[in-house]
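Descriptive analysis of the structure
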Amino acid sequence: MTRTNDGSTSLVSGASERTDNLPGKVYFIRHGESTSNERNIFAGVLDVDLTAFGRLQARRAGTDIKNKGVKFDAVYVSHMRRARQTCEIALETSQALKSPDIPVQIDHRISEKSFGIFAGRNLNLLRLALGYEGFEEMLHSHNEAPPAGEKIAQVYDRAARFYEEKVVPHLQRGETVLVVCHQYVLEPLALYLSGLPPTAYKHLKLPNGKALSQEELVKFRDKESGGAAALRKEINDLSIMWAILIYAAAFLLGSLVRAVSASQAGIPSELFRAIIVACLAASTFYTYLDIDFAASKRKVTPTVKSVVYLWMLARWGVGLFLIFSGLLYQSPADLYKVLWVLFWMVPPALTSPVLSVLWGGNLYPSAVLSRTLSIIAPIALLATLRVANLPINDSSLIFFGVILIVGLAIPGAIAQFWRAQSPVESNHHSKNWKFIGVLAVALMALVTGFQFTPATFLSDLFSSTDTARSLACLQQLAIATLVFILMRLLAVLTSRFTQGKLNKAEAQDAYILLVNPNFFLWAALFIGVNAIAADVKYAIFWASLGFFCIPLIEQILFMNAFGNDILRETLRSSRVATEDVKKLFHQLDTDGSKSLNRAEIMELLGLIEDMTTGERSSEEVRKYITDYLFNILDSDKNGTVDLAELEEYVSTYGLVANLNVVPAAVSAA
């Protein structure tokens, strides 16, 4: 035995030797995709469900077990719902129990790592707030932990003790065991089975819903923890983390190259269109690998639908009035004004789901509503242009039709088909190669910056040789600024007016959908303008600049607000110490007995969760933890817990977010 940095003991020495040569066999399954996995947030101790895709992964794990001809003598599962659902589905599919009387045994020591105040938080915003190195150190270092959360060393210790006490006796008898639990439990356990200490921990991105034998788990750890796999993981994480910055930088680079070179000829029109469509197709493919559209439709609430649809209708009402009233357009010289009105009317960008994942949205509204509006709006635009008889060749919308079919429908259908046919492999591919989608959008931004930047931009802005062009440049900048600010002002006001009606994630999605217009649909109209004047050229330039660069400013604002929120949570959680628990104890001790029964302890756990993670576990989970705590805290076995017993535990082992850590002295309980 060795001693970890936090003082707990760890069964490292000779672990692989003790387990490799035993006659029995053990299989491990990480639960299927959960709602938190889909939305790119930490779950930890929060009790979330499987998605429909996660259930499909669980069935595939059962099929895999059945094909291997495995029959289990014992089954152990985490108490968390996502693990229990996976276990139930896999066993039902495989019919792999040697006897129907074999119980599925719950053990809290293989429950997910506690992420403390990070539970329910967006991974990307956390990376931005902490910095990549800080994030990796706090989440994936063996001796660091989020505020009120667990260290990897602690998870390693409880997982190893579970394995020694529960699994090894079965293996010694030549029996076969199934363990269904979580990523941050299986990864430290893979270390233990390799005979390595927690200091060797590496985050592996274990596949959901795949049955791995002990040998396969160890080989997976060896393969993924170093070399090309580790480099790919870092590239993937960094590209996603800095995606918005990469897009803005790529656009500005393309724009700078065009302006400095003063190239009059941009990219040939057909080549430009082909690049845009190909890049959107790649981005769509990797985005749709993570979205279940069939299930997403059911997850969009009527309230968020109403907010987005009503605002789009209001925009269209204002836009149609301005176009047909004659207030804006009296001659072809006023065409740029109509184009800005049309910019106000176009639907949300097809990339809205990407922003939702990166900024902590709810994902489903941005995915479903952006797609729906992108199908309907072009038809409405076509009808508007025909009736208004403007000097815009509406056949240019054919380009957007190509984008919808080749850039959205086909790659989206391929991604959804692969998800359905190979739920484990497609999900694992997405986790490891998503940076391809990020780089595709970056290339799209690069060529857009080059294509739409006027060759005379620098001279028009800084050393004017043509007063008309210089005025057009500044005039269109002013109009673009007004349009972008107005969009965001109305979106912010909408968020204020819908407080209490939309949750925080839904409000974020509504904001994204209302301020992120489909620039390439609008650009298709620009391509169809019969007479290209300086006003129109600068309209398209400033619009493209805003489309690719303003989200970077928004992300900085979101990140700062998120960081301040995390700081407040950290300070609040640090104050929930022994004194706070003591106050809650006296609050619940209404009869003055100076002790709490099971029901009161269960309520105490809920109150501490309110003060730490901000979200209560299910009643079933709190009951399970309460029962387990009584085995630890009720030392005199009188059916109650007194304050001294509770204070001693909290001062030694921490808050409720960390109650799944098993003290060494009672690990066999």
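The paragraphs below set out a description of the structure included in this document.

Our next topic: the overall build of the chain. The number of helices and strands found in the chain is 29 helices and nine strands. Sequence-distant contacts, at least 24 apart, represent 80% of the contacts inside the chain between residues at least 6 apart.

A few words now on the sheet that holds strand β7 (residues 211–213). Strand order in the open sheet formed by five strands is β5-β4-β6-β3-β7, with mixed pairing between adjacent strands. Single-partner strands in this sheet number two, and they are β5 (104–106) and β7. Shown here is a sheet whose adjacent strand axes are inclined to one another by a mean of 25°, direction ignored. Pairing between strand β3 (residues 25–30) and strand β6 (residues 176–181): six bridges, direction parallel. Counted as the bridge partner of V26 is V177 from β6. Packing against the sheet, helix α8 (residues 183–193) makes contact with β3 and β6, and its axis sits at approximately 150° to β3. Together, β3 and β7 form the strand contacts of helix α9 (residues 214–224), whose direction differs from that of β7 by roughly 95°.

Let us look at the pattern of salt bridges. Tallying each qualifying case throughout the model produces 25 salt bridges. Close ionic contact of R81 with D49 constitutes a salt bridge, the shortest N to O distance being 2.7 Å. In this pair, R81 sits in helix α4 (residues 81–94) while D49 sits in the loop between α2 (35–38) and α3 (52–68), placing the two residues 32 residues apart along the sequence. With its nearest N and O atoms 3.1 Å apart, the salt bridge here joins K98 to D73. Remark: D73 occurs in the loop between α3 and β4 (74–77) and K98 occurs in the loop between α4 and β5; sequence separation between them is 25 residues. One salt-bridge network, in which partners are shared between bridges, spans R127, E136, K205, K233 and D237.

The subject of this paragraph is the pairing of β4. Both faces of β4 are covered, namely the face carrying A74 and Y76 and the face carrying V75 and V77. Summarising the sheet, β4 and β6 pair through four bridges and their orientation is parallel. For A74, the partnering residue across the bridge sits in β6 and is V177. In this structure, β4 lies alongside β5, joined through three bridges in parallel fashion. Residue pairing in the sheet places V77 in a bridge with I106 of β5.

A word on the packing of helix α5 (residues 123–130) against helix α6 (residues 132–140). At a minimum axis distance of 6 Å, the contact between α5 and α6 shows a crossing angle of 110°. The orientation of α5 with respect to α6, classified from their angle, is roughly perpendicular. Crossing of α5 over α6 shows right-handed handedness. Residues L123, L126, R127 and L130 of α5 touch α6, and the partners they reach there are Y132, G134, F135 and M138. Split into classes, the residues belonging to the contact of α5 with α6 amount to six nonpolar, one polar and one charged.

Moving on, we come to the packing of aromatic side chains. According to the stated counting rule, one finds 30 aromatic pairs in the structure shown. With a centroid separation of 5.4 Å and an interplanar angle of 75°, the aromatic rings of F272 and F452 are classed as edge-to-face. Of this pair, F272 sits in helix α12 (residues 269–288) while F452 sits in helix α20 (residues 435–452), and the two are 180 residues apart along the sequence. Just as F272 is buried, F452 falls in that class too. What links up through ring pairs into an aromatic cluster is the set F251, F272, W340, F343, F452, F484, F519, F520, W522, F547 and F548. The ring of W344 has R315 sitting right over it, with the charged end atom 5.0 Å from the ring centre.

Let us look at α3. An ideal rise of 1.5 Å per residue puts 24 Å on 17 residues; α3 measures up with 25 Å between its terminal C-alpha atoms. For α3, the set of buried residues is F53, G54, Q57, A58, A61, G62 and I65. Close packing links the buried residues of α3 with β3, α4, β7, α18 (397–421) and α19 (423–433). The first or second residue beyond α3 is G69, which carries a positive phi of 70°.

Tracing the backbone through its elements, the reader meets A265 in the loop between α11 (243–261) and α12. Ignoring sequence-local partners within four residues, the contact set of A265 consists of R258 and F450.

This paragraph deals with unusual backbone geometry. Of note, the phi angle at K205 is positive, near 60°, even though the residue is not glycine. Tracing the backbone through its elements, the reader meets K205 in the loop between α8 and β7. Its relative accessible area of 13% is what places K205 among the buried residues. Unusually for a residue other than glycine, K594 sits at a positive phi of about 60°.

Here we take up the nonpolar core. Of all hydrophobic cores here, the largest spans 101 residues; its most connected members are I276, L342, I403, F519 and W522. By residue number, the principal contributor to this core is helix α25 (residues 534–575), which donates 11 residues. Residue contacts for F519: discarding those within four places in its chain leaves T448, F452, I540, A543, S544 and F547. F28, F118, L128 and V185 belong to the second largest nonpolar core, which has 48 residues in total.

Relative to the helices and strands, R488 resides in helix α22 (residues 467–497). Those residues within four positions of R488 in sequence are excluded, and the remaining contacts are Y511, V515, I550 and E554.

Here the focus is the side chain of K233. Along the polypeptide, K233 turns up in helix α10 (residues 227–241). In this structure K233 comes out as buried when scored by relative accessible area, which is 11%. Side chain to side chain, K233 and D237 meet in a polar contact 2.7 Å long. Residue contacts for K233: discarding those within four places in its chain leaves Y132, E136, H203 and K205.

Cut-offs and rules
- Residues numbered from 1 in each chain as written.
- Predicted model: local features only at pLDDT ≥ 70, side-chain atom pairs only at ≥ 80, totals over all residues.
- Heavy atoms only, no water.
- Helix = DSSP H or I, 4+ residues; strand = E, 2+ residues; numbered from the N terminus.
- Contact = heavy atoms within 4.5 Å.
- Pairing = 2+ DSSP bridges.
- Axes fitted to C-alpha atoms, helices over the stretch in contact; angles between N-to-C directions.
- Salt bridge = Lys/Arg side-chain N within 4 Å of Asp/Glu carboxyl O.
- Buried < 20%, exposed > 50% of the residue type's maximum accessible area, 1.4 Å probe, protein only.
- Parallel < 35°, antiparallel > 145°, perpendicular 65-115°, else oblique.
- Left-handed = near helix turned anticlockwise from the far one by under 90°.
- Nonpolar A, V, L, I, M, F, W, Y, C, P; charged D, E, K, R; others polar.
- Phe/Tyr/Trp six-rings, centres within 6.5 Å; stacked < 30°, edge-to-face > 60°.
- Lys NZ or Arg CZ within 6 Å of the ring centre and 35° of its normal.
- Expected span 1.5 Å × (residues − 1).
- Core = buried A, V, L, I, M, F, W, Y, C linked by side-chain atoms within 4.5 Å.
- Polar contact = N/O pair within 3.5 Å; in protein donor to acceptor, adjacent residues only side chain to side chain.

Limitation: the analysis is restricted to geometry and does not speak to function.
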